[in-house]
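# Observations on the model geometry
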Amino acid sequence: MGGLQPWHWVIVIAVFVLLFGAKKLPDAARSLGKSMRIFKSEIKEMQADSKPEQPTQISSERVPDPAAGSATQAPSETTSDKRPA
């Protein structure tokens with residue numbers, strides 16, 4: 001009484017062929033495979049998103065060095081933009 005025996009599989013396959021027809025079965029299998037690939041890629045993406053990332057320091061978050069100049073100016077204000085307005 002374990003699993004399906006070979007003659008059970010033959011009956012299942014015969015029922016599928018009778019219900020869906022031989023022409024539609026390859027298309028159904030192809031779309032099922034495509035759906036499984038999409039599902040796997042989404043699961044991998046969700047697992048990658050859930051992993052904690054290492055904190056990185058962005059240049060705008062850096063504390064300016066008081067010895068280098070005025071500590072009250074933001075880094076974007078210290079650079080001069082020479083493009084025409």
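Just so it is clear, the model here is predicted, and its values are computed rather than measured. (Residues numbered from 1 in each chain as written. Predicted model: local features only at pLDDT ≥ 70, side-chain atom pairs only at ≥ 80, totals over all residues. Heavy atoms only, no water.)

### Comments concerning the overall build of the protein chain
- On a plain count of helices and strands, the protein chain comes out with three helices and zero strands.
- Counting from the amino terminus, helix and strand elements in the protein chain follow one another as α-α-α.
- Surface exposure of the protein chain reaches about 8,500 Å², of which carbon and sulfur atoms provide 63%. (Helix = DSSP H or I, 4+ residues; strand = E, 2+ residues; numbered from the N terminus. Areas by Shrake-Rupley, 256 points an atom, 1.4 Å probe, with all protein chains shown as cover.)

### Quick notes on the packing of aromatic side chains
- This model, assessed by the stated rule, comprises one aromatic pair.
- Relative to Phe 20, the ring of Phe 16 lies with its centre 5.9 Å away and its plane at 15°, an arrangement referred to as stacked. With Phe 16 and Phe 20 both in helix H1 (residues 6-20) and four residues apart, this pair spans about one turn of that helix.
- The class for Phe 16 is partly exposed, based on a relative accessible area of 42%.
- Look at Phe 20 and you get partly exposed, because its relative accessible area is 44%. (Phe/Tyr/Trp six-rings, centres within 6.5 Å; stacked < 30°, edge-to-face > 60°. Buried < 20%, exposed > 50% of the residue type's maximum accessible area, 1.4 Å probe, protein only.)

### Side note on the confidence of the model for the protein chain
- Considering every residue of the protein chain, the mean pLDDT works out to 76; 58% of them sit at 70 or more.
- Mean pLDDT per element in the protein chain: helix H3 (residues 75-78) is the minimum at 53, and helix H2 (residues 24-50) is the maximum at 91. (pLDDT = per-residue confidence, 0-100.)

### Brief notes about the UniProt feature "transmembrane region" (unreviewed entry) in the protein chain
- As recorded in UniProt, the sites labelled "transmembrane region" (unreviewed entry) are residues 6-22.
- Secondary structure across residues 6-22 divides into 88% helix and 0% strand, with the first and last C-alpha atoms of the span separated by 21 Å. (UniProt positions renumbered as here; feature names shortened; annotations may be inferred.)

### Considerations on H1
- Under the 1.5 Å per step criterion, the end-to-end length of H1 is 21 Å for 15 residues, consistent within 8% with the ideal 21 Å.
- Just downstream of H1 lies Gly 21, where phi reads positive at about 85°. (Expected span 1.5 Å × (residues − 1).)

### Here we look at the pattern of salt bridges
- According to the stated counting rule, one finds one salt bridge in the structure shown.
- In this structure, Arg 30 engages Asp 27 in a salt bridge whose closest nitrogen and oxygen atoms are separated by 2.7 Å. Placement of the pair is Arg 30 and Asp 27 together in helix H2, with a separation of three residues, close to one helical turn.
- Arg 30 gets classed as exposed once you look at its relative accessible area, which sits at 53%.
- Taking the relative accessible area as the measure of exposure, Asp 27 reaches 45% and is therefore partly exposed. (Salt bridge = Lys/Arg side-chain N within 4 Å of Asp/Glu carboxyl O.)

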